Amino acid sequence: MKLESMRVTHFKCILDSGRVQLGSRACLLGKNDSGKTALLEALYRLNPALGLEGRFDVALDYPRALVTDYQEEVESGLRPHDIVIEAQFRLSEDEVGAVEERWGDGVLVEPVLTLSKGYDNVLYIDLPLNEAVAVQALVRDLKLGDDWRAQLGTCALIDELTERLKADRNDLPDADGCLERLDAIAKKGLAVEVYDSCLEARVPQFLYFDEYGQLPGEANIDALQRRAEADELTMSDRVLLGLLDLANLNLRQLLDSDRTEWLNNRLESAANRLTRRLLKYWTQNKHLRLRFDVRPARPGDPEGMREGTNLWARVHDARRQITTGFGSRSRGFVWFVSLLALLKQLERYDRASILLLDEPGQFLHPEAQGDLLHFIEEELEARSQVLYTAHSPFMVDIDRLDAVLLVEDKGLSAADDEEAANLGTQVSAIGGDLEKDNLLLLQAALGRDIVQAFGEASGEKREALTPLLPESLRRRLDQLARA
């Protein structure tokens, strides 16, 4: 099941994003405070992964200029709760087959599922169905016998089938049971019944990841195990468990091992395995090596780690010959390792997922941002859809401009407050009029590509390219070539 489009309304700085078409990857490009994070947050709350909370709160999330009027009108019954997020998913052939196997060939008018959620925090389901086909599937399931199936074969609506069964209830086997089932379906709706029976477990979950869910450099294993058993894991806990999964370790092994040499060997092997995985994509410093240390807690350890057993993650720089705590490394490095770990933790759940990465390149050098784009293409996009926000030209893949979506808060450039109140964040594909901020980002991305191509070109190719460039750019590139 693929997320095909989304629309966000009345959420934080967004009044109406417009219908946003999505592919296997989407780069939400825009300046700070344009509404990029709000788009990801709204989508995440539709169906959050890892059992996390996905509720909308009017007091916190509704656009501030409008919230008072909205609350009064809802409370007085003048309007229903607003919908915040609407998402359309296209079903795969297997998913269509599962629905038709249960509900009959041709029951789906179109293989598209629409899910929406608003400030009442109810999940709404829309699935275009041929009700007549579904009714005949129900007739077969009710096991009324061949004669009754023949008599009811003309029924095209659930209400019609119900009335026919009520009229003949004295002659029907298990009439009350049949009518009870039909009444339950009618109350919740046929689309919901089909969704519950065939599609609910197949809907992708959204995993939202930002800088606040990063991997801790140390942890008390006993406390972590208690939180896991109580199902009270934080996002940082899940990231750490993912790191242990990547290393092929588990908490019980760390706590119950009675052989120091065995544990040291396992920790060393785990660290080497993780290092190989990391350095496949982290090109900034190939001399880094991850290390683990497990030892009994001591009185001078950080609060919450003074009893039981502690795990410490460290990073050794073989070139500089120094070892530092994991948490003291650059924020970009910590973020990248944390993402690797969280993705591993997600594999524990037998559920398709869509990744929502909020400013993944924020703390990365431009070269590392290129590594991240390579990682997204090679590792992430191959197994799930990826939506990420960016305000750096180095997070724009020139070969995938179709994946770039421009996010602009139109209210910020409005002529007056009255006009601004009716605008807000909107999303569009490349084309048409661009605000200067987004135009600058795209120009920088294209310029980066031109400079790189010019720098890598042979002397003959460079001479051929030079006449095509503006004089000012030609002079700068010549200086760069001579440097």
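Computed from a predicted structure; not experimentally measured.

**Structural notes on the sheet that holds strand β4 (residues 25-29)**
Part 1: With respect to topology, six strands assemble into an open sheet ordered β8-β13-β14-β4-β15-β16, the strand pairing being mixed. Two strands bound the open sheet, and with one partner strand each, they are β8 (205-209) and β16 (425-429). For this sheet, the mean angle separating the axes of adjacent strands, direction not counted, is 20°.
Part 2: For β4 and strand β14 (residues 386-390), the ladder comprises five bridges, and the chain directions are parallel.

**Overview of the pairing of strand β6 (residues 112-118)**
Part 1: Burial within β6 is extensive, with seven of its seven residues counted as buried.
Part 2: Across the two faces of β6 the burial is the same, with V112, T114, S116 and G118 and L113, L115 and K117 all buried.
Part 3: Judged from the seven bridges that link them, strand β5 (residues 83-90) and β6 form a sheet pairing that is antiparallel. Counterpart to A87 in the pairing with β6 is L115.
Part 4: Where β6 folds back onto strand β7 (residues 123-126) in an antiparallel hairpin, the turn is made up of four residues, including N121, whose phi is positive at roughly 55°.

**Examining the side chain of N47**
Part 1: Relative to the helices and strands, N47 is located in the loop between α1 (36-44) and α2 (58-61).
Part 2: What N47 contacts, discounting residues up to four positions off in sequence, is V203, P204, Q205, F206 and R351.

**Quick word on unusual backbone geometry**
Part 1: One non-glycine residue with positive phi stands out, namely K12, at about 55°.
Part 2: Residue K12 is classed as partly exposed on the basis of its relative accessible area, which comes to 32%.
Part 3: The phi dihedral of Q321 falls on the positive side, at around 60°, and the residue is not glycine.
Part 4: The residue Q321 is located in the loop between β11 (309-317) and β12 (322-325) in this model.

**Brief notes about the packing of aromatic side chains**
By convention here, two paired aromatic rings are described through the distance between centres and the angle between planes.
Part 1: In the structure shown here, the tally under the stated rule is 12 aromatic pairs.
Part 2: Residues Y62 and Y119 carry aromatic rings whose centres are separated by 5.3 Å and whose planes lie at 55° to one another, so their mutual orientation is tilted. With Y62 in the loop between α2 and α3 (67-75) and Y119 in the loop between β6 and β7, the pair connects residues that are 57 residues apart, well separated along the chain.
Part 3: Accessibility expressed as a relative area gives 3% for Y62, which makes it buried.
Part 4: You can call Y119 buried: its relative accessible area is 5%.
Part 5: For the ring pair Y281 and F375, a centre distance of 5.0 Å and an interplane angle of 75° mean the geometry is edge-to-face. Of this pair, Y281 sits in the loop between α13 (260-279) and β10 (288-296) while F375 sits in helix α15 (residues 366-380), and the two are 94 residues apart along the sequence.

**Focus on the pattern of salt bridges**
Here the idea is simple: oppositely charged side chains can pair when their charged atoms come close.
Part 1: Scanning the entire structure with this criterion turns up 22 salt bridges.
Part 2: Among the salt bridges present, the one from D237 reaches R227, with a minimum N-O distance of 2.7 Å. Taken together, the positions of D237 in helix α11 (residues 235-246) and R227 in helix α10 (residues 221-229) put the pair 10 residues apart, joining distant regions of the chain.
Part 3: For R227, a relative accessible area of 28% gives the class partly exposed.
Part 4: Linking E379 and K280 is a salt bridge whose minimum nitrogen-to-oxygen distance equals 3.4 Å. A residue pair is termed long-range when its members are at least 10 positions apart, and E379 in helix α15 and K280 in the loop between α13 and β10 qualify at 99 residues.
Part 5: The buried category is assigned to E379, whose relative accessible area is 16%.
Part 6: It is possible to trace a salt-bridge network through shared partners that takes in R25, E381, D397, R400 and D402.

**Comments concerning the environment of A150**
Part 1: Positionally, A150 belongs in helix α6 (residues 146-151).
Part 2: For the pair A150 and V139, spaced 11 residues apart in sequence, the C-alpha separation works out to 9.6 Å.

**Some details on the pairing of strand β1 (residues 2-11)**
Part 1: Looking at chain direction, β1 and β5 are connected through six bridges and run antiparallel. Directly across from M6, in β5, lies its bridge partner A87.
Part 2: Pairing analysis gives two bridges linking β1 to strand β3 (residues 20-21), with the strands arranged antiparallel. Pairing of M6 across the sheet is with V20, part of β3.

Here is what the cut-offs are and how they apply
Residues numbered from 1 in each chain as written. Predicted model: local features only at pLDDT ≥ 70, side-chain atom pairs only at ≥ 80, totals over all residues. Heavy atoms only, no water. Pairing = 2+ DSSP bridges. Helix = DSSP H or I, 4+ residues; strand = E, 2+ residues; numbered from the N terminus. Axes fitted to C-alpha atoms, helices over the stretch in contact; angles between N-to-C directions. Buried < 20%, exposed > 50% of the residue type's maximum accessible area, 1.4 Å probe, protein only. Contact = heavy atoms within 4.5 Å. Phe/Tyr/Trp six-rings, centres within 6.5 Å; stacked < 30°, edge-to-face > 60°. Salt bridge = Lys/Arg side-chain N within 4 Å of Asp/Glu carboxyl O.

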